[in-house]
Amino acid sequence: NKVQVENCVFDGNISKDFRTAKFDESVKGTSGSAYTSHNQNWGNGGAVCLNTSTTTASFKNCQFTNNQSLDPANTSAYSGAGGAIYADYIKYLTIDGCTFDGNIAEKDCGGAVNLRNDNTAADIRNCVFTNNTAGNAGGAIYTCNGVILKLTDTVIYGNNNTGNSMGGGIYV
């Protein structure tokens, strides 16, 4: 499966249950979509949740602004992660020419982007990450468990974590 999103705006989305824009094995592709509503669900990925090992995703020239991943009920150790994008077990993720500003992962890691688990490769290039906040590690970007991250020509500035953890900008 392939997800392709170009020239879009993701503004003010709130995820509390993996439902803001979840792409899984049933998705063949998407292009030209805008996610600007204020969704109210607990979980991960304030704007986008990618959660299957068969998915390849690409985001080009998109804006992710003021999206939030929340877990106000403290329901899970891994909830409230990835303020804008949460990617778990995905094959390959490309983020090119995107802006991430003011996104919040309330409880967990990755104020803007959270990449988890083996066999995930991510290529982030020509992007700007500013003013993103994680409740734990990786104010802008968080990776763990064998994720392969390539970061090229990208600005990461003014991001933070509030959980006395590591990686105000990036945690690898």
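Undergrad: Even after reading the chapter, I still don't get the overall build of the protein chain, so can you show me in this structure?
TA: A tally of regular secondary structure across the protein chain gives zero helices and 21 strands. Relative to its full complement of 172 residues, the protein chain shows a buried share of 52%. Considering only residue pairs separated by 6 or more positions, the protein chain has 82% of its internal contacts joining residues 24 or more positions apart. As displayed, the protein chain offers around 7200 Å² of accessible surface, 45% of which is attributable to carbon and sulfur atoms.

Undergrad: Where do I start with the sheet that holds strand 11 (residues 99–101) in this structure?
TA: Within a sheet, each strand pairs with its neighbour through backbone hydrogen bonds, oriented either parallel or antiparallel. Sheet architecture is open: five strands sit in the order 2-7-11-15-19, paired in parallel fashion. What marks the edges here is a single partner per strand, and that holds for strand 2 (9–11) and strand 19 (155–157). The average angle at which neighbouring strand axes cross in this sheet is 5°, direction not considered. Bridge count between strand 2 and strand 7 (residues 63–65): three bridges; the pairing is parallel. Note on strand 7: the bridge partner recorded for D11 is T65.

Undergrad: Please explain the pattern of salt bridges as it appears in this structure.
TA: Any two side chains of opposite charge can pair, given that their charged atoms come close. Enumeration according to the criterion identifies three salt bridges in this entry. In this structure, D96 and R125 form a salt bridge, with 3.5 Å as the shortest nitrogen-oxygen distance. With D96 in strand 10 (residues 92–96) and R125 in strand 14 (residues 121–125), this pair connects stretches of sequence that are 29 residues apart. With a relative accessible area of 15%, D96 lands in the buried category. The exposure class of R125 is partly exposed, given its relative accessible area of 27%.

Cut-offs applied
Residues numbered from 1 in each chain as written. Predicted model: local features only at pLDDT ≥ 70, side-chain atom pairs only at ≥ 80, totals over all residues. Heavy atoms only, no water. Helix = DSSP H or I, 4+ residues; strand = E, 2+ residues; numbered from the N terminus. Buried < 20%, exposed > 50% of the residue type's maximum accessible area, 1.4 Å probe, protein only. Contact = heavy atoms within 4.5 Å. Areas by Shrake-Rupley, 256 points an atom, 1.4 Å probe, with all protein chains shown as cover. Pairing = 2+ DSSP bridges. Axes fitted to C-alpha atoms, helices over the stretch in contact; angles between N-to-C directions. Salt bridge = Lys/Arg side-chain N within 4 Å of Asp/Glu carboxyl O.

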